[in-house]
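Commentary on secondary and tertiary structure
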Amino acid sequence: MVVSFTVQFGRDVARMGGAGWTREARVAEDSDFQTLKNLLSSEDGWTLEYEKDGVKVWAEDAAHGALRTVKVVAEFEDVDPEALYDVLHDPEYRSVWDTHMLAAEDAGHINVNNDVGYYAMSCPAPLKNRDFVLQRSWLDTGDEKMILNHSVYHKDYPPRKGFVRALSLLTGFVVRRRNGPGSWLGYVSRSDPRGALPAWLVNRVTAQLAPRLVHQLHAASRRYPGWKALTDTPYYQPWRNPEQVPPYRINLEDCIDPEAPPPPVEQKPNTSKTKLEVPQVKEVESHSIEDLGDISSEFSVEVEELADLTLDPTKKKGKFYKLVKSMKNRRKSVQVAKSADNLVDAKPTEVEKTEKRKSSFKFHRRFSLSRGRED
């Protein structure tokens, strides 16, 4: 599981740990482990700070006064990848090789690949000791073995007197087999020790402590197989054997910080479509003389108040409505016999023009809707 803040890679990590960062506990996804690998494989935005004995340390190019991410790559010719992976997991063996550890407690598992625990460490004077509440997530694909951790909240582990509650924003390990014998280790860390320490001092100390941690891991990994064989539980490795994981599961509601600000609510656009009830008005069809047939040749009907009639279906449909309906149904093709004089392209006489103007007028017969007879 990885913290809910956005971690893309490179410079995006510089935005972590701000006011918007939340310590959310959730099961890790494949994309979270891919983010860790992207950070280790990226080259842009990093400055090489240390290179010695096969150990390289890079620091992120960050703005002045901002916490920086540290990246370490090392190769061990005399250490098997499985032993290195076990050293990073085994809580009993950590008390042997980790000289800064003061206490470690297991709060419980979320599932077989995610757990929550408490870790306290000593700091050199005059600094106060630090403690963490961490969630770990791991994934073993065979070719690669990966571990992630970040700080979370748990109600059973409030801040303790004498300690400053520090934050691990993102810490991760990738273990692979070298092309030859031995193992390859990639390590990324971005932590906030809190307190009154300035960011420039934290960045400088982190870059100096990273190589020491790698050398400690190297020495501890060489001794681990012999130490594990002498313990009472040489085959107890729940990080490898899921059936050995205790059945107790923690409640994720116990990992919700009541003092944390609520996440911002995203305003979703209103996509609901309001259906407008618009009455449909039947359009009055216009008909030519040919469409109306013999009746239209004698007279035309002036349609009045037809829209009002169709809008109100409760009105009684009288003779006028039936007449219009019958006219529409009686569409016949009318062949007008034209005289030979009309086919001749000649100039009409004044008498013909007068007769034509008179014939263009139509007599209109109006019908009363109420009485259904001629006015």
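This text goes with the structure placed above it.
Summarised in this report is the structure supplied together with it.

**A few points about the pattern of salt bridges**
- Within this structure, the stated rule accounts for 19 salt bridges.
- The partner of Glu 144 in a salt bridge is Lys 37, with the nearest N and O atoms 3.2 Å apart. Of the two residues, Glu 144 is situated in strand S7 (residues 144–151) and Lys 37 in helix H1 (residues 30–41); the sequence distance between them amounts to 107 residues.
- The exposure class assigned to Glu 144 is buried, which follows from its relative accessible area of 14%.
- Of the charged contacts, one joins Glu 82 and Arg 177 as a salt bridge, the two residues approaching to 3.4 Å between their closest N and O atoms. Taken as a pair, Glu 82 in helix H2 (residues 81–89) and Arg 177 in strand S9 (residues 167–177) lie far apart in primary sequence, 95 residues in all.
- Bridged by salt links that share partners, the residues Asp 80, Glu 82, Asp 140, Lys 145 and Arg 177 form one connected network.

**Describing unusual backbone geometry**
- With an omega dihedral of 10°, the bond running from Ala 125 to Pro 126 counts as a cis peptide bond.
- The topology assignment puts Pro 126 in the loop between strand S5 (114–121) and strand S6 (129–140).
- The backbone of Asp 53 sits at a positive phi, close to 55°, despite the residue not being glycine.
- If you trace the backbone, Asp 53 turns up in the loop between strand S1 (46–52) and strand S2 (55–60).

**A short note on the packing of H2 against helix H4 (residues 199–229)**
- Packing of H2 against H4 brings their axes to within 9 Å, and their N-to-C directions diverge by 105°. As judged from the angle between their axes, H2 and H4 are roughly perpendicular. On H4, the residues touching Ala 83, Leu 84, Asp 86, Val 87 and Leu 88 of H2 are Leu 217, Ala 220, Ser 221, Tyr 224 and Pro 225.
- Of the residues assigned to the contact of H2 with H4, the class counts are eight nonpolar, one polar and one charged.

**A look at the environment of Gly 195**
- Relative to the helices and strands, Gly 195 resides in the loop between strand S10 (183–192) and H4.
- Between the C-alpha atoms of Gly 195 and Val 164, which are 31 residues apart in sequence, the distance is 6.7 Å.
- Not counting chain neighbours up to four residues away, the residues in contact with Gly 195 comprise Arg 130 and Val 164.

**Observations regarding H1**
- Over its 12 residues, H1 extends 17 Å from the first C-alpha to the last, a length consistent with the 16 Å expected when each residue adds 1.5 Å.
- Residues of H1 that are buried include every one of Asp 32, Phe 33, Thr 35, Leu 36, Leu 39 and Leu 40, and no others. For H1, the angular spread of buried residues about the axis comes to 150°, placing them on one side. Summarising the geometry of H1, the exposed residues directed more than 90 degrees from the buried face are Asp 30 and Ser 41.
- Contacts made by the buried residues of H1 are with S1, strand S3 (70–76), S6, S7, S9 and S10.

**Considering the nonpolar core**
- In this structure, Val 72, Phe 76, Leu 84, Val 87, Leu 185 and Leu 217 are the most contacted members of the largest nonpolar core, which totals 25 residues.
- Looking at this core, the elements that each hand over two or more residues are S2, S3, H2, helix H3 (91–97), S9, S10 and H4.
- In terms of residue count, the dominant contributor to this core is H4 (five residues).
- Each residue touching Phe 76, except ones within four places of it in the same chain, is listed here: Leu 84, Arg 178, Pro 181, Gly 182, Ser 183, Leu 185, Val 214 and His 218.

**Let's talk about the pairing of S2**
- Pairing of S1 with S2, which is carried by six bridges, proceeds in the antiparallel orientation. Residue pairing across strands places Leu 48 opposite Trp 58, the latter belonging to S2.
- Between S1 and S2, which pair antiparallel and follow one another directly, the connecting turn spans two residues, one of which, Asp 53, has a positive phi of 55°.
- Pairing analysis gives five bridges linking S2 to S3, with the strands arranged antiparallel. Residue pairing across strands places Ala 59 opposite Val 70, the latter belonging to S3.

Rules and cut-offs
- Residues numbered from 1 in each chain as written.
- Predicted model: local features only at pLDDT ≥ 70, side-chain atom pairs only at ≥ 80, totals over all residues.
- Heavy atoms only, no water.
- Salt bridge = Lys/Arg side-chain N within 4 Å of Asp/Glu carboxyl O.
- Helix = DSSP H or I, 4+ residues; strand = E, 2+ residues; numbered from the N terminus.
- Buried < 20%, exposed > 50% of the residue type's maximum accessible area, 1.4 Å probe, protein only.
- Axes fitted to C-alpha atoms, helices over the stretch in contact; angles between N-to-C directions.
- Parallel < 35°, antiparallel > 145°, perpendicular 65-115°, else oblique.
- Contact = heavy atoms within 4.5 Å.
- Nonpolar A, V, L, I, M, F, W, Y, C, P; charged D, E, K, R; others polar.
- Expected span 1.5 Å × (residues − 1).
- Arc of directions from axis to C-beta.
- Core = buried A, V, L, I, M, F, W, Y, C linked by side-chain atoms within 4.5 Å.
- Pairing = 2+ DSSP bridges.

Remember, this is a structural readout, not a statement about activity or role.
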